[in-house]
Amino acid sequence: MKKIVFVIIGVVVLFTIVSGCNGYNNLVKMDEDVSTKWSNVETQYQRRADLIPNLVNTVKGAANFEQETLTAVIEARASASKITVDPDKLTEENMQKYQAAQGQITQALGKLMVLTENYPTLQATQQFSELSAQLEGTENRITVARKDFNESVQVYNTKVRSFPNNLFAGMFGFEKKAAFKAEEGASNAPTVSFD
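Residues numbered from 1 in each chain as written. Predicted model: local features only at pLDDT ≥ 70, side-chain atom pairs only at ≥ 80, totals over all residues. Heavy atoms only, no water.

A. Representation of the overall build of the chain in the model. Regarding its fold elements, the chain presents six helices and zero strands. Starting at the N terminus and ending at the C terminus, the chain contains elements arranged as α-α-α-α-α-α. Put simply, the chain has 195 residues, and 32% of those count as buried. In the chain, of all internal contacts separated by at least 6 residues, the share reaching a separation of at least 24 is 80%. Surface exposure of the chain reaches about 12700 Å², of which carbon and sulfur atoms provide 56%. (Helix = DSSP H or I, 4+ residues; strand = E, 2+ residues; numbered from the N terminus. Buried < 20%, exposed > 50% of the residue type's maximum accessible area, 1.4 Å probe, protein only. Contact = heavy atoms within 4.5 Å. Areas by Shrake-Rupley, 256 points an atom, 1.4 Å probe, with all protein chains shown as cover.)

As C-alpha cells, this is what we get:
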C-alpha cells in the first residue's frame, strides 16, 4: 500500500515539474515574441525619424516657408529620440511617455504636410514626392507593427494571467506588459461643416 502512495506522489510531482517547465518555456517564448515585435515597432519609428531631416531640408528650400513649423518638427524628433523603452519595462507609464513623444512627431509632420499644400512648386519636386511617399509608407508600417505588437502582448498577458501559468509567471518574474492605446480623442469623429 505504501508503495502505491509513493508512486502516486511521484507521478504527481513529476507531472507538476514537467508542466512547470513547459509553462515556463512557453512564457519565455511569448516574452521573446513581444520583444521582437517591440523591436519592429521601434525600427519603423526610427525609419520615420531618419526621413525627417531629408524632408525638412527639402522643405527649407521653398521660399518663405514657415520656420516655426520646421522647428516644431525638428524639436519633436529630437524629443522622441530621447525616449526609449526596454522590452522588459513595457509598463503603462513608459508606453504613455513613448506614445506621447511619437504623437508629437505625428502632429508636427501633419501640420508640415498641410502647409506644403500652399507650395505647389515644392510638391512638384521629385525629391519631395519621393520623401512624402516614403513617409506615408512608413506610417503604414508603423500601424502594422503596432497592431502586431498589441496582438503579441495580448497573447502574452493572457498566458501570464491564466491559471496555472500565473503561478509560474509570478515565481519567475513574468509581468503583464502594456500595449499601445488609442490617442486621446481618437474616438471622437471630426466635425465636418459645409458653411
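B. Representation of the packing of aromatic side chains in the model. Summed over the entire model, instances satisfying the criterion amount to seven aromatic pairs. Members of the aromatic cluster, connected to one another through ring pairs, are Trp38, Tyr45, Tyr98, Phe149 and Phe180. Directly above the ring of Tyr156 sits Lys177, whose terminal nitrogen or CZ lies 5.4 Å from the centroid. (Phe/Tyr/Trp six-rings, centres within 6.5 Å; stacked < 30°, edge-to-face > 60°. Lys NZ or Arg CZ within 6 Å of the ring centre and 35° of its normal.)

C. Quick peek at the environment of Ala101. Structurally, Ala101 can be placed in helix α3 (residues 92-116). Judged by its relative accessible area of 4%, Ala101 is buried. C-alpha separation for the pair Ala101 and Ile83, spaced 18 residues apart in sequence, amounts to 7.5 Å. Contacts of Ala101, omitting those with residues within four sequence positions, involve Ala80 and Ile83.

D. Region of interest: a nonpolar patch on the surface. On the surface, Tyr24, Phe163, Leu167, Met171 and Phe172 cluster together into a nonpolar patch covering about 570 Å² of accessible area. Top element by residues in the nonpolar patch is helix α6 (residues 165-172). It accounts for three residues. Exposure remark for Tyr24: the relative accessible area of 31% places this residue in the partly exposed category. (Patch = residues over 30% accessible without salt bridge, like charges linked within 9 Å, V, L, I, M, F, W, Y side chains within 5 Å. Salt bridge = Lys/Arg side-chain N within 4 Å of Asp/Glu carboxyl O.)

E. Molecular detail of the nonpolar core. Trp38, Val41, Leu90, Met95, Phe149 and Phe180 are the most contacted members of the largest nonpolar core, which totals 20 residues. For this core, the secondary-structure elements that each account for two or more residues are α1 (2-60), α3 and α5 (126-161). Filtering out sequence-adjacent residues up to four positions away, Val41 remains in contact with Ala145, Arg146, Phe149 and Phe180. Counting residues in each nonpolar core, the second largest holds 19 residues, with Val73, Ile105, Leu109 and Phe128 among its members. (Core = buried A, V, L, I, M, F, W, Y, C linked by side-chain atoms within 4.5 Å.)

F. View of the environment of Asn150. Along the chain, Asn150 turns up in helix α5. With relative accessibility at 23%, the residue Asn150 sits in the partly exposed group. In the structure, Asn150 is positioned 28 residues away from Ala178 in sequence and 8.5 Å away in space, judged by C-alpha atoms. If near-sequence neighbours (up to four positions away) are discounted, Asn150 is found in contact with Ala179 and Phe180. Within polar-contact distance, the side chain of Asn150 engages the backbone nitrogen of Phe180 at 2.8 Å. (Polar contact = N/O pair within 3.5 Å; in protein donor to acceptor, adjacent residues only side chain to side chain.)

These figures capture arrangement, not role.
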